[in-house]
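Understanding the architecture of this molecule
For reference, the chains in residue letters:
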Amino acid sequence: MSGDADNGGGIGGAAGDGPRDRAGTTRGTRAVAGTGADAGRETGVGAGRNAGADAERDAGAGAGRDAGAAPGVQAGADTGTDTGTAARLQKLFEGHRLTPTQRRIAHCMVRRAADAPFLSSVELAELAGVSQPSVTRFAVALGFDGYPALRRHLREVAPTDKPDDTGSYNEYQQAVQAEIDNLRHLAAALADPSPVIEAGRLFAASRPLPVLGLRAATAQAAGFSYFARKVHPDVRLLDEGGTMLTDRIDAAVRAGASALLCFALPRHPREVVDALEYARTAGLTVVTVADSAFAPVAHHTDLLLPAPVGTGLAFDTACAPMLLGRVLLEAMCDALPDAQARLEQFDARAAARGLFVE
């Protein structure tokens, strides 16, 4: 696909129970191999410097709807870890009903799969931003006598060589390195391109195509929509919450929409979870780019595409979700027979208007 002048180049080279669709069949979520960063923040300081209070205080609000990791999910690993190690950890967590705090711990362990067998309960609690007793309760929930028994099990099933120490890096270098690792994980997940190809076909067939992104995810949704409008005849950006959000979803459905793309990044607004639940009830197929397969949106998504975020700085970094958005654009272009012609028309009009400075 040749690029348009605005892009400076080319566009690019199942789990849980869901609501019933209009045909009356129960739909579930499929999650694609990948991993996310430790539960992030829209504001505040990095996880290591600001380990949060015990997140189990949220269990009462979220347990009924969001508790439990999505079964069948595979995940990539963090620095120095092959995807097989993280996948074995993921399998260990499958089939257990986990509280929001326990999902946070599981998410952290998958992301730090290489380090997990060597972490003390205190270290793991600090990395996950929870209390030390929560780590103990997490191990018991998995069927172990306590955290030491869980750690012994991890040392038996995981490689024993600890990854290279990057402690000599300053905090800025560590943040950059973490993003490089996140992109490596995304590349590994894309070894099977079929989910992305499927998403591209869904987007190409949906007229209009609503794209949802609130708060921290607004930039990703807006960027995707900006470029998508150059090749797709009707893209509708949903970047504002409130009571109008469901009205705009209804309007898209009435106009013929069949799919919705959502970018969901931490901290996850409740409005996004509610909007996805409503969209599926309205008959839309929901595709979500989320920071993790453990994200609260997982159970309200038909096709989940994880792309990890970095949490080492005061504000989360989201290079992988942005790049995955560009990959989805490419897949959509491949599924739109007139995409190339639309790009060429845009280039011609931009040149005639003197739109860009060469």
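Just so it is clear, the structure is predicted and the values come from calculations on it, not from any experiment.

In this structure the tally under the stated criterion is 5 aromatic pairs. Pairing Tyr226 with Phe227 gives two aromatic rings, centres 5.0 Å apart and planes at 75°, and the pair type is edge-to-face. Exposure remark for Phe227: the relative accessible area of 9% places this residue in the buried category. Seen in terms of ring centroids, Phe346 and Phe356 are 6.4 Å apart; in terms of plane orientation they differ by 55°. Their pairing is tilted.

Per-residue confidence for the protein chain gives a mean pLDDT of 79, with 73% of residues at or over 70. Taken as a whole, residues 7-26 scores under 50 in pLDDT and shows 51 contacts with residues more than four places along the chain or in a different chain.

So, on to the packing of helix 10 (residues 244-254) against helix 11 (residues 270-281). Two elements in contact, helix 10 and helix 11, have axes whose closest approach is 10 Å; the angle formed by their N-to-C orientations is 30°. In this view, helix 10 runs roughly parallel relative to helix 11, as classed from their interaxial angle. The crossing of helix 10 and helix 11 is right-handed. Of the residues in helix 11, those in contact with Leu245, Thr246, Ile249 and Asp250 of helix 10 are Glu271, Ala275, Tyr278 and Ala279.

Positionally, Glu179 belongs in helix 7 (residues 171-189). Residue classification places Glu179 among the buried residues on the basis of a relative accessible area of 7%. Of the polar contacts made by the side chain of Glu179, one reaches the backbone nitrogen of Gly310; its length is 3.3 Å. Discounting residues that sit within four places of it in the chain, Glu179 has contacts with Val309, Gly310, Thr317, Ala318, Cys319 and Ala320.

Definitions and cut-offs
Residues numbered from 1 in each chain as written. Predicted model: local features only at pLDDT ≥ 70, side-chain atom pairs only at ≥ 80, totals over all residues. Heavy atoms only, no water. Phe/Tyr/Trp six-rings, centres within 6.5 Å; stacked < 30°, edge-to-face > 60°. Buried < 20%, exposed > 50% of the residue type's maximum accessible area, 1.4 Å probe, protein only. pLDDT = per-residue confidence, 0-100. Contact = heavy atoms within 4.5 Å. Axes fitted to C-alpha atoms, helices over the stretch in contact; angles between N-to-C directions. Helix = DSSP H or I, 4+ residues; strand = E, 2+ residues; numbered from the N terminus. Parallel < 35°, antiparallel > 145°, perpendicular 65-115°, else oblique. Left-handed = near helix turned anticlockwise from the far one by under 90°. Polar contact = N/O pair within 3.5 Å; in protein donor to acceptor, adjacent residues only side chain to side chain.

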